[in-house]
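# Notes for the structure review
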Amino acid sequence: PLATVPTVALLLVGTDFHRIALPHLERVEAARDRVIEALHRTPSLDGYVVLSTCNRFEIYAEPTDASQAREEITAVLACELGDAPSSLEAHLTVRR
């Protein structure tokens, strides 16, 4: 018989040069190490991967609570931009 493979729910929170001004994207990319440290302390994440290139910044996460994780990831990114999380929402791509 085939083995049962557990499913994993993934959450994507990210942005790219189409959604946010390049200077803001560059600031988030420059702060990648601080973002990773903050994500490591985020209680709603079981794991995550950060993809940072010259034109996009994405966090693929395995959340224990997707809504909470989305809020916490948005807060981490907003903190690095010196902005309010509510101001950043329109510039993010979020997929579950």
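Bear in mind that the values here come from a model prediction, so they are computed numbers and not experimental data. (Residues numbered from 1 in each chain as written. Predicted model: local features only at pLDDT ≥ 70, side-chain atom pairs only at ≥ 80, totals over all residues. Heavy atoms only, no water.)

## Thoughts on the pairing of strand β2 (residues 45-52)
Applied cut-off: Two strands qualify as a pair provided that DSSP identifies no fewer than 2 bridges between them. Each helix corresponds to a stretch of at least 4 residues labelled H or I by DSSP, and each strand to a stretch of at least 2 residues labelled E; elements are numbered beginning at the N terminus.
Pairing of β2 with strand β3 (residues 56-63) involves seven bridges; the strand directions are antiparallel. Within β3, the position partnered with L45 by the bridge is P63. The hairpin formed by β2 and β3 contains three residues between the paired strands.

## Examining the packing of helix α2 (residues 32-40) against helix α3 (residues 66-81)
When two helices pack together, their arrangement is given by the angle between the helix axes and by the axis-to-axis distance. For clarity, the cut-off: Helix axes are fitted only over the stretch in contact, all axes being lines through C-alpha atoms; the angle between N-to-C directions runs from 0 to 180 degrees. For a crossing to be left-handed, the near helix must be turned anticlockwise from the far one by less than a right angle; the clockwise case is right-handed. Residue contacts are counted whenever heavy atoms from the two residues lie within 4.5 Å of one another.
Direction vectors running N to C along α2 and α3 enclose 150°, while the axes themselves pass 10 Å from each other. Two packed elements cross with a definite hand, and for α2 against α3 that hand is right-handed. When α2 is examined against α3, the residues R34, V35, A38 and L39 are found in contact with a partner set consisting of I73, V76, L77 and E80.

## Observations concerning the environment of L11
By the element assignment, L11 lies in strand β1 (residues 11-16). The sequence separation of L11 and Y60 amounts to 49 residues, and the corresponding C-alpha distance is 5.7 Å. Sequence-distant contacts of L11, that is, excluding residues within four places in its chain, are made with I59, Y60, A61, P63, A66, A69, R70, I73, V94, R95 and R96.

## Focus on the nonpolar core
As a reminder, the rule being used: In this description, a nonpolar core means a group of buried Ala, Val, Leu, Ile, Met, Phe, Trp, Tyr and Cys residues linked to one another through side-chain atoms lying within 4.5 Å. Throughout, exposure labels follow a simple rule: accessible area from a 1.4 Å probe, protein chains only, divided by the maximum for the residue type, with under 20% read as buried, over 50% as exposed, and the rest as partly exposed.
Membership of the largest hydrophobic core comes to 21 residues, with the highest contact counts inside it found for V35, L39, F57, I59, I73, L77 and L88. Among the secondary structure elements, those contributing two or more residues to this core are β1, α1 (22-30), α2, β2, β3 and α3. The dominant element in this core, judged by the number of residues it contributes, is α3, at six residues. Once residues lying within four places of it in the same chain are set aside, the contact partners of L77 are V13, V28, V35, F57, I59, L88 and L92.

Coordinates in, geometry out; function isn't part of it.
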